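Here are the chains, one letter per residue:
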Amino acid sequence: MRSTPTTVLTSAAAMLTMWLVAAPAHAQAPAKAAPTAADWAALAKLPDFTGVWEVAPGGGGAGRGRGTPQGPSLTPAAAAKRKELQSLGREDNQTANCVPPGMPGIMGQPYPMEFLLTPGKVTIVIEAYTQVRHIYTDGRPLPDDPDLKFHGTSVGQWEGNALVVDTIGFSPLTELVANVPHGDQMRIRERFTLTGPDTMSIETTVTDPGVLSAPYTTTRVLQRHRSWTIAEYVCQENNRNFVDEKGKAGIRLDDPAGAPRK
Amino acid sequence: MRTLTFALIVVVLVAAGAPGVAAHHSFAPFNMESEKTVSGTVKKFDWTNPHTWIWLDVPNDKGAVETWGIEGMSPNYLGRRGWTKNSLKPGDKVSIVVRPMRDGSPGGMFVRATLADGRELRQTGQPTD
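Predicted model only: the values in this text are computed from it and were never measured. Every residue gets a number counted from 1 within its own chain, in the order that chain's sequence is written. Each chain gets a letter, beginning with A, and each ligand a number, beginning with 1, in the order they are written. Totals for whole chains, interfaces and linings use all residues, but because this is a predicted model, local features are given only for residues with pLDDT of at least 70 and pairs of side-chain atoms are given and counted only at 80 or more.

Our focus in this paragraph is the overall build of chain B. Of regular secondary structure, chain B possesses two helices and six strands. Ordered by position in the sequence, the α and β elements of chain B form the string α-β-β-β-α-β-β-β. Around each residue's C-beta, the other C-beta atoms within 10 Å are counted; 20 or more make the residue buried, 12 or fewer make it exposed, and counts in between make it partly exposed. All C-beta atoms are placed from the backbone. For chain B, the proportion of its 129 residues judged to be buried stands at 36%. Here the analysis covers contacts within chain B between residues at least 6 apart in sequence; of these, 53% occur between residues at least 24 apart. Note on conventions: DSSP H or I runs of at least 4 residues are helices, E runs of at least 2 residues are strands, and numbering of each starts at the N terminus. We call two residues in contact whenever the C-beta atoms placed from their backbones are within 7 Å.

Following this line, the structure appears as structure tokens:
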């Protein structure tokens, strides 16, 4: 079919109509102005979080950070649930199958993370499991009814030399700590503070009515490595570990250069 | 005694904030209270995530060669501690201390290795800039 001026006009009208009809469905946030030169210049006045950071030696690694030695204070119901889960004797969790841990565990991995500051946003590029956290610092409120995500939904604000981040709305596939499923009201507040030229502390406070009988605060210390870059981490590249439905952990030991065993 | 030594090592590692292989999976498949030395020839070295794997051809007591699979930390972790993809090459003669598989399969978790020229490989230590 040849494109006559009439068919072109008709198609254009049809597309315009579709766009007009479809547009409101996407218009959840008010139109956002493009960042100005002043917005970019304002970033220089913020604390310098740029670069690659890793949990410092003794800085509270292995997923937990430095909290109370006995861990979080649980409500009787959550303590009973933990006891029940512990009694199952599960040897591992889904990270063995390459499912990322989500929040808060993702912030305590033995791998670095990089902070990127752009107007209205802080982005944390996390090497472990190739994860990204998006923290909006443009003044928007937290959503009333967020979709449930591994990292939740985060907003932040600058308070002096600290970035204070509030996060809600976590996937049921994540845990508060091992054998403690979080509730739907879990909320995480993180305070990121520069404590030296290349050191940062992250104070993390978790509240979760029904699960925690008191706020659970842990502190982690990060060291900046200016010369580092974030490396690729594709967990499915050569993952030989697994955990089955019953929680039994195993390893696939078939020799890649030979015949599979058994 | 072994158990106590291991418990002490765990306490020291945790106190030092040293991450374990446990960041990605648990130690359950390995006998963490046992060490075994296997000596042989490197068949292949997988410089891959989430773990490196050394495939080691080891002569067994029946005169046959058995290929052992030995799991190490990731290239990301080791690369910041002096290792490269060429730290082990096919044909290298090496003795490796492992925490053996609990089920007796020919495999284990890497502890340390000694090459024919006396060079020692470890996975611990602080990262370098």
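What follows concerns the confidence of the model for chain B. Residue and element names in this part refer to chain B. Per-residue confidence for chain B gives a mean pLDDT of 85; residues scoring 70 or more make up 82%. Within chain B, helix 1 (residues 2–15) has the poorest average pLDDT of any element, 38, and strand 4 (residues 93–100) the best, 98. The predictor attaches a confidence to each residue, called pLDDT, with possible values from 0 through 100. For the stretch residues 1–22, pLDDT sits under 50, and the model shows 23 contacts to residues farther than four places along the chain or on other chains. This prediction of the complex comes with two scores: 0.84 for pTM and 0.83 for ipTM.

This paragraph deals with the interface of chain A and chain B. At the junction of the two partners, chain A supplies 35 residues and chain B supplies 29 residues. Breaking the side of chain A that touches chain B down by element, the ones donating at least two residues are strand 1 (51–55) and strand 13 (249–251) of chain A. A total of three residues in the side of chain A that touches chain B trace back to one element, the largest contributor, which is strand 13 of chain A. Three categories are distinguished: nonpolar for Ala, Val, Leu, Ile, Met, Phe, Trp, Tyr, Cys and Pro, charged for Asp, Glu, Lys and Arg, and polar for the others, with Gly belonging to the last. Across the side of chain A that touches chain B, the residue classes tally to 15 nonpolar, 13 polar and seven charged.

Soluble globular proteins tend to pack their nonpolar side chains together in the buried interior. Core analysis: the largest hydrophobic core is formed by 35 residues, its most contacted members being Ala128(A), Val206(A), Val211(A) and Leu222(A). Counting only elements with at least two residues in this core, the list comes to strand 1, strand 2 (113–118), strand 3 (121–126), strand 6 (162–168), strand 9 (187–196), strand 10 (199–207) and strand 11 (216–225) of chain A. In this structure, Ala128(A) is in contact with Ile106(A), Gln109(A), Tyr111(A) and Tyr233(A), ignoring residues within four places of it in sequence. Residues Val38(B), Phe45(B), Ile70(B) and Ala113(B) belong to the second largest nonpolar core, which totals 18 residues. Any set of buried Ala, Val, Leu, Ile, Met, Phe, Trp, Tyr and Cys residues joined through C-beta atoms within 7 Å is what this text calls a nonpolar core.

Right, let's talk about the environment of Asp138(A) for a bit. Residues and elements named next belong to chain A. As for its position among the elements, Asp138 is in the loop between strand 4 (131–136) and strand 5 (153–159). For Asp138, a count of 14 C-beta atoms within 10 Å translates into the label partly exposed. Apart from the residues lying within four places of it in its own chain, the contact partners of Asp138 are Gly120 and Lys121.

For the rest of this paragraph, the subject is unusual backbone geometry. Residue and element names in this part refer to chain A. Residue Pro104 is bonded to the preceding Met103 through a cis peptide linkage, with omega at 0°. Even without being glycine, Cys98 reaches a positive phi, approximately 75°. With respect to the element layout, Cys98 can be found in the loop between helix 3 (76–87) and strand 2. Positive phi values are uncommon outside glycine, yet Tyr129 reaches one of about 60°. Locating Tyr129 in the fold gives a position in the loop between strand 3 and strand 4.

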